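Secondary and tertiary structure notes
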Amino acid sequence: METHAYTNDLIHETSPYLLQHAHNPVDWRAWNETTLEKAKSEKKLMIISIGYAACHWCHVMEHESFEDSTVAAVMNAKFISVKVDREERPDVDQIYINAVQLMTGSAGWPLNVITLPDGRPVWGGTYFKKEEWISAIERIQELYEKEPQKLEAYASRLEEGIKSMDLITFNSNEVDFTTYPTKDIIATWEKSFDHRFGGYKRAPKFMMPNNYHFLLRYAVQNEDEELLNFVKLTLDQIAYGGVYDHIGGGFARYSVDEKWHVPHFEKMLYDNAQLVSLYSDAYLATKDELYKQVVFETLDFIAKEMTHSEGVFYSSLDADSKTETGKLVEGAYYIYTKEELQKLLPTDFELFRAYYNINSYGKWEGDHYVLIRDKSDAEIQQEFGITSETLQKKKQNWKEVLFNYREKRPRPRLDDKTLTSWNGLMLKAYVDAYKTFQKKEYLDIAIKNAQFIASKQLQQNGALYHSYKDGKSTINGYLEDYAAVIEAYIALYEVTMDEQWLTKAKKMTDYTFSHFFDEEKHMFYFTSKEDAKLVSRSIEYRDNVIPASNSIMAKNLFKLSHYFDSPKFAETNRQMLKNVQAEMEQYPSGFSNWLDLLANYQSKFFEVVVVGNAASEKINEINQYYIPNKLIAGSEKDSQSYLLEGRYVSGETYIYVCVNNTCKLPVTDTKKAIESIKNY
């Protein structure tokens, strides 16, 4: 049994990130009432250090500072030191990242903050070298001892700043969304597009799936060929780049360069979920085989490496893995030398080298390569005079050889906790992939995950837990958990016609109105009114790498207002959209999910109702068309639910195409229904 020189309070936690620090000499404590009371009663400053299991620079700072006994001695002597997993406690992370943003102009992880005993921040930053860290915390402690009133005054000013950051007001103006100048907004947005590599003209490059989901929809619905080509360029370049794992499938978090080449190698569940949904929709719109390959390979990766036997999805794979010497190195699991590749693929090396750029274009550090493509399969086939079938067989062989080879290396560490919000995103991804590709295994996996959430994370009163690990459900759910699961359950209902998912979605929505809703602003808080109070109770409304919980919630309300004929849901989502209108015009890339909701008001939104014993088959046929401005309701038998009531006719299967409860005559042929939508 392994013995450790040090063990701290984190040994009692389940988060892999916190457990990584359980044997540091720093006397770490978890964020909880006991810790916060201790800081107050002992009148000690707190050091709050926030990160996550897959974070490379978090590991670097741990190794340089938190594993160092000299650093630990300084921290332990005067401070209460608190470690926070940002994925478990996004509410805590949000407060302190806003604080560091205000103090320094930028923020990220690791996030290190010093607070007064009551938790109000007075100093902070991200990564610090050992000497800088010791010097900084000693200076703050000295100030606290000699001139505490200065820190108190600064904390009060900063607290006001934090509270004003996500300040949103009720917009009482009348807004006509049908004439909203979306075209002008996109014209401004386009100025930042990179027309060589896709994405935006900057590095590092994050994938931002929701941006391209909306731009794809806008381009198709408005027949904007130029914009559609840009979206396709972006999706192609991401799939060609090193951010995509060409050997094992799945995506890394972002690239450090402009050509999507060298990733920060961690693989996050939320990125992969959203990208599966995006590439599934893009395949529907374009029928590009590359997008199908990306979805299949990514979901293979999720099934192999990110799924628990209970049908629940893990959080992430680390950026770092061990080398032969036992040292943790970023990307060590994924990279190759030219010599390794020549040995592994002796007869095919020249073709492989051209395909994946084992040359100056694909070179990374030293003599290592990160695989990257810059030519289509058709171009490679022409260059080498081979058929498509031959190339596909060779690619399959390369992937098997290299996958088996790297499997002998130490694997990246797995963060095996389960987050309800991210599981909601991946559940929806499986539903979206099923809709597009009709693979029954995708639907089976989606249903298993939905049942897991319903049985383990959803309580009788409609409340959700946020986290699950080792058989234990913990942490009161945040708005992001409700928003993501409600959206996924609605999507699951649309392909299964199983009304339990719609009923559960409605129950959770009712719960959010009781526990998260601000009656004055008509927006939802990120935390429940049941939660302990923090420095500020924030409203998350700007879309980021993951869409804002409020924008997902507003879209859910839009759909649920149709399913349940609810004026309250209809009025609320419309008011929420009005509230973000001014900021949306200035910063569209931070409001793409809101723009997607806006698009529902700018063209007809279809209620497609399918009733009869062949309803499932008809719904599958309808789902082969890219129609983002629709919802589906269906039943194989008589139903009393709002959109289905009185529409069942024994022995027939009818498709009703409706807009705002006004329906055309029902048809039995799917193609006629699609024509009806196109010509409505």
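Structural notes, computed from the coordinates. All values reported here derive from a predicted model rather than from experimental measurement.

1. Comments concerning empty space enclosed by the protein
Rolling a probe over the atoms, with the probe sized like a water molecule, indicates the empty space that remains. All chains considered together, the criterion is met by 6 cavities of 30 Å³ or more. Estimated volume of the largest cavity: approximately 790 Å³. Secondary-structure elements contributing two or more residues to the lining of the largest cavity are α9 (209–221), α11 (269–286), α17 (420–437), α19 (479–496), α21 (549–564), α23 (592–602) and β22 (630–635). Class assignment for the residues of the lining of the largest cavity results in 16 nonpolar, 8 polar and 11 charged. Reported here for the second largest cavity is a volume of approximately 160 Å³. Taken together, 16 residues line the second largest cavity, and the ones lying closest to its centre are G242, Y244, D245, H246 and Y334. Within the lining of the second largest cavity, the residues separate by chemical class into 11 nonpolar, 2 polar and 3 charged.

2. Focus on the side chain of S536
Topologically, S536 is positioned in the loop between β20 (523–524) and α21. We classify S536 as buried; its relative accessible area is 11%. Once residues within four sequence positions are removed from consideration, S536 is found in contact with I95, I162 and K163.

3. As for the pattern of salt bridges
Using the criterion set out here, one finds 44 salt bridges in the structure. Residue R373 is joined to D377 by a salt bridge in which the shortest nitrogen-to-oxygen separation is 3.0 Å. With respect to burial, R373 and D377 carry one shared label: buried. Sharing partners across several salt bridges, the network here consists of D118, R120, E152, E159 and K163.

4. Focus: the pairing of strand β21 (residues 606–611)
Judged by how many residues are buried, β21 sits mostly within the fold: 6 of 6 residues are covered. Side chains F606, V608 and V610 of β21 all project onto a buried face; the interleaved residues E607, V609 and V611 project onto the opposite face, where all are buried too. In this structure, β21 lies alongside β22, joined through 6 bridges in parallel fashion. By the bridge assignment, E607 is partnered in β22 with L631. Considered for its hand, the β-α-β crossover made up of β21, helix α24 (residues 615–622) and β22 is right-handed. Here β21 runs beside strand β23 (residues 654–659); their pairing, made up of 6 bridges, is antiparallel. Looking at β23, one finds that F606 is bridged to V659.

Each value, and the rule that gives it
Residues numbered from 1 in each chain as written. Predicted model: local features only at pLDDT ≥ 70, side-chain atom pairs only at ≥ 80, totals over all residues. Heavy atoms only, no water. 1 Å grid on protein atoms, 1.4 Å probe; cavity = no way out; pocket = protein on both sides within 12 Å on 5 of 7 lines; lining within 4 Å. Points joined across faces, edges and corners; volume = space filled by probe spheres on them. Helix = DSSP H or I, 4+ residues; strand = E, 2+ residues; numbered from the N terminus. Nonpolar A, V, L, I, M, F, W, Y, C, P; charged D, E, K, R; others polar. Buried < 20%, exposed > 50% of the residue type's maximum accessible area, 1.4 Å probe, protein only. Contact = heavy atoms within 4.5 Å. Salt bridge = Lys/Arg side-chain N within 4 Å of Asp/Glu carboxyl O. Pairing = 2+ DSSP bridges. Right-handed = clockwise from strand over helix to strand, strands pointing away.

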